[in-house]
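The primary structure of each chain is shown beneath.
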Amino acid sequence: MPKLLLLLLFALFTFPGVNGQSVSKKRSKQEMAPSAIERAAALRETDPAAAIRTLSDLIQSKPATKDLTEAFILLGDIYADIEQPELALGRYERALEVVNPSDKLTAARLSLKRGRVYLAQNYTSQARAMFTACLDLAPAGSAQNIACREGLADLEALASNYAQSQNYYEQVQIAQPADSLLQLRVNAKRSNVYLQQNDIINSAASLNEAIKQVPRNTTLPEAESEELVTANVNFRKAVTKESAGVTEPVIELLPSAPAPLVLTDNFERFRSLREKGESKLAETKLAEAIERIDAETPTEISTKIYAEGADFYLDRNQARRAAEVYRDYTEANNRLLAEKREELDQRVAVLREQQQVDLGLKDLRSAETEGRLLSQQVSLQRWLIYLLAALLLGALLSVLLIWRNVRKRRRANQELLLRNLQTRMNPHFIFNSLNSINNYIARQDERSANRYLGRFAKLMRNVMDQSGKDFVPLSEELEQLGLYLELEKERFGGKFDYELPDVDTLPPALEEVQLPPMILQPFVENAIWHGLRYRPDGGRLRLSFEGQSNSDRAIVITDNGIGREKSAELKTENQRKHGSTGIATSQQRLELINLHYGKNFRIQVEDAFPGAEFVGTRVRILLT
């Protein structure tokens, strides 16, 4: 059953006809739906107020950086269309504030647009700075780079730097020779520049080149059409006023030009002929111009033609024709007034929407400022937290280092003290042993002296060998203790007996026991010197073991001496003053070993035979 469910789930998520197709359909619908930018661009010319409203809503929704940048750019374009340069520049600058710093193409596009707005206001220095920045940002050979060069050419023409202007125009034409509209527009501009240089021949050549680029089967775009018409009008005026002697072939430039161009050309030629007094030829050109007026003709041009035509026919005493043309003028003028009124209403609506946009942008800027301040506060708090954490961490590390150093120093001191305590041996024992040897020598008992001296030397050698060790096996400690007891027994003349376990038959639980070197010797010494030696008939010392498990193991040292209480009574004044340091030293050693190595050695001392004549002493060393 689980395998069947897994197969069904796999098929559901991988079969393209089930899940993938529905997702692709949703995606395709989303791609087909126009974005807010696209809707605003479609309303840009027909209803700029609605376009601004759409963009304002988009901006208030806080879109992605790219959409926000494009929204401000389109707002700037709309304000440039309705001749509101300050608003246009403000929106372009706002777009620069939000654009991604790495997006050089958009930055170049904004510099180009700002340069065109400055140029339209005759702000040449600002326009030059913008076009130059555009050239630096736009890749060489790109459309934006070429547009920036064209902007510089227009700027130089406006500044009367005609040679430099022609140079830039030539660079633009060389960069894109296949773009017929660009060639048309630039040739028309170059024709005007040649006119400024009083070069009628080259102006005519450039104008002819522009006309050759006019598309025959499509409508000429508005920008190129205006450039071409302006160049032609300027050329006609120049020919009429400054080059009256120019031959007819140079003047007849437009035998088969597009209708808008022919209309304005005929009208300008009509005006020139009228000024020269050639009324009959002027009337022919006027009739041709009026005949070409249609619904596509700009109202402003048709109104001007009708107005001057009615006046011309009235001068020619053609009252009926003048009245007909005047009626056409009245209709055209009414249309022109309606267009102007509509344009004015559009501007008022745009400015009204602009107020809402400004309020929205203020709110947006306030939100951005508040967000920026909040972000700065959060960043500052975060850095403070980091700083405090770093200081705390540094303090903790310092404490840790100090603690480790203290611990190392304490451990070293403990080890040094352990070594010092470990190498101690009761000086009385050494002194008495040497006296015993001296006594044997004095009595010339060479054999006893040699035997005693050999055992004493072996004991001393073992003590020196073990001085560098922290622990030794129990068997070594028992062997060392046996040497010590042999020497003490011989020195005391066999006044006591002792019993030690056989190192070869130790219980398994004690074979691995490790003891500090010479830890048992002080307790045995104390039993001999303070208990056994005071018995008149001698005594006995026994070392045994208790317990079989690790939790209750112990070494027991038992003697049947006079006991602790009687021993204290027999102490001389000198003994009380100096006391015995062996037991105290052993206890101190065990405490240090427990602290240093984590052991749990303990000492218990009690009377061995309570109530007896000689109560003795029992010392129990717990090994848990």
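Residues numbered from 1 in each chain as written. Predicted model: local features only at pLDDT ≥ 70, side-chain atom pairs only at ≥ 80, totals over all residues. Heavy atoms only, no water.

Novice: Help me get a handle on the packing of aromatic side chains, residues and values and all.
Specialist: In this structure the tally under the stated criterion is eight aromatic pairs. Look at F471 and Y597: their rings are 5.2 Å apart centre to centre, the planes differ by 75°, and that puts the pair in the edge-to-face class. Of this pair, F471 sits in the loop between α20 (446-466) and β1 (472-473) while Y597 sits in helix α26 (residues 582-597), and the two are 126 residues apart along the sequence. Judged by relative accessible area, Y597 falls into the partly exposed class, the value being 28%. Centre to centre, the rings of F492 and W529 are 5.8 Å apart; their planes meet at 80°, and the pair counts as edge-to-face. One end of the pair, F492, is in the loop between α21 (474-491) and β2 (496-499); the other, W529, is in helix α23 (residues 521-530), and 37 residues separate them in sequence. (Phe/Tyr/Trp six-rings, centres within 6.5 Å; stacked < 30°, edge-to-face > 60°. Helix = DSSP H or I, 4+ residues; strand = E, 2+ residues; numbered from the N terminus. Buried < 20%, exposed > 50% of the residue type's maximum accessible area, 1.4 Å probe, protein only.)

Novice: Tell me about the packing of helix α9 (residues 143-158) against helix α10 (residues 162-175), and name the residues and values.
Specialist: Running from N to C, α9 and α10 point in directions that differ by 160°, and their axes come no closer than 8 Å. By the angle class used here, α9 and α10 are roughly antiparallel. Remark: the crossing between α9 and α10 carries left-handed chirality. Across the interface between the two elements, I146, R149, E150, L152, A153, D154, E156 and A157 of α9 pack against Y162, Q164, S165, Y168, Y169, Q171, V172 and A175 of α10. Taken together, the residues that form the contact of α9 with α10 break down as nine nonpolar, three polar and four charged. (Axes fitted to C-alpha atoms, helices over the stretch in contact; angles between N-to-C directions. Parallel < 35°, antiparallel > 145°, perpendicular 65-115°, else oblique. Left-handed = near helix turned anticlockwise from the far one by under 90°. Contact = heavy atoms within 4.5 Å. Nonpolar A, V, L, I, M, F, W, Y, C, P; charged D, E, K, R; others polar.)

Novice: Go over the packing of helix α6 (residues 85-98) against helix α7 (residues 104-120), please, and point to the residues and values.
Specialist: Relative to each other, α6 and α7 sit at 165°, their axes nearing to 10 Å. Regarding the angle of α6 to α7, the classification is roughly antiparallel. As α6 runs across α7, the sense of the crossing is left-handed. Listed contacts from α7 to P85, A88, L89, Y92, E93, A95 and L96 of α6 are A107, L110, K113, R114, V117 and Y118. For the contact of α6 with α7, the per-class residue count stands at ten nonpolar, no polar and three charged.

Novice: An account of the environment of E565 is requested, with residue identities and associated values reported.
Specialist: Looking at where E565 falls in the secondary structure, it is placed in helix α24 (residues 564-570). Measuring from C-alpha to C-alpha, the distance between E565 and G616 comes to 9.8 Å, with 51 residues separating the pair along the chain.

Novice: Explain the state of the cysteines to me, using residue names and the numbers behind them.
Specialist: For the structure on display, the rule yields one disulfide. Covalent S-S linkage joins C134 and C148, the inter-sulfur distance amounting to 1.6 Å. Of this pair, C134 sits in helix α8 (residues 124-137) while C148 sits in helix α9, placing them 14 residues apart in sequence. The buried category is assigned to C148, whose relative accessible area is 0%. (Disulfide = S-S within 2.5 Å.)

Novice: Explain the pattern of salt bridges residue by residue, including any values.
Specialist: Considering all chains together, one arrives at 30 salt bridges under this definition. Close ionic contact of K189 with D154 constitutes a salt bridge, the shortest N to O distance being 3.0 Å. Here the residue K189 occupies a position in helix α11 (residues 180-196), and D154 occupies one in helix α9, the gap between them amounting to 35 residues. Here E209 ties to K212 by a salt bridge, and the two come within 3.6 Å at their closest N and O atoms. With E209 and K212 both in helix α12 (residues 200-212) and three residues apart, the pair spans about one turn of that helix. On the accessibility criterion, K212 (59% relative accessible area) is exposed. Because the salt bridges share partners, they merge into one network encompassing E150, D154, R185, K189 and E224. (Salt bridge = Lys/Arg side-chain N within 4 Å of Asp/Glu carboxyl O.)

Novice: Talk me through unusual backbone geometry; I want residue IDs and the actual numbers.
Specialist: In this structure, E83 takes a positive phi of about 60° despite not being glycine. Relative to the elements of secondary structure, E83 occurs in the loop between α5 (65-81) and α6. A positive phi is found at M518, a non-glycine position, where the angle reads about 60°.

Novice: Describe in detail the environment of L541, supporting the description with residues and values.
Specialist: Relative to the helices and strands, L541 resides in strand β4 (residues 539-546). Assessed through its relative accessible area of 0%, L541 is described here as buried. C-alpha separation for the pair L541 and V524, spaced 17 residues apart in sequence, amounts to 8.1 Å. Filtering out sequence-adjacent residues up to four positions away, L541 remains in contact with D497, Y498, E499, V524, A527, I528, L532, T558 and D559.

Novice: Tell me about the pairing of strand β7 (residues 617-622), residues and numbers included.
Specialist: Within β7, six of the six residues are buried, which leaves it mostly tucked inside the rest of the structure. Alternating positions in β7 separate into two faces, T617, V619 and I621 on one and R618, R620 and L622 on the other, with burial throughout. One ladder, built from six bridges, connects strand β5 (residues 554-559) with β7; its direction is antiparallel. Across the sheet, I555 pairs through a bridge with I621, a residue of β7. Note that strand β6 (residues 602-606) and β7 share five bridges and pair antiparallel. Paired with I603 across the strands is I621, a residue of β7. (Pairing = 2+ DSSP bridges.)

Bear in mind that shape data such as this cannot, by itself, settle questions of function.
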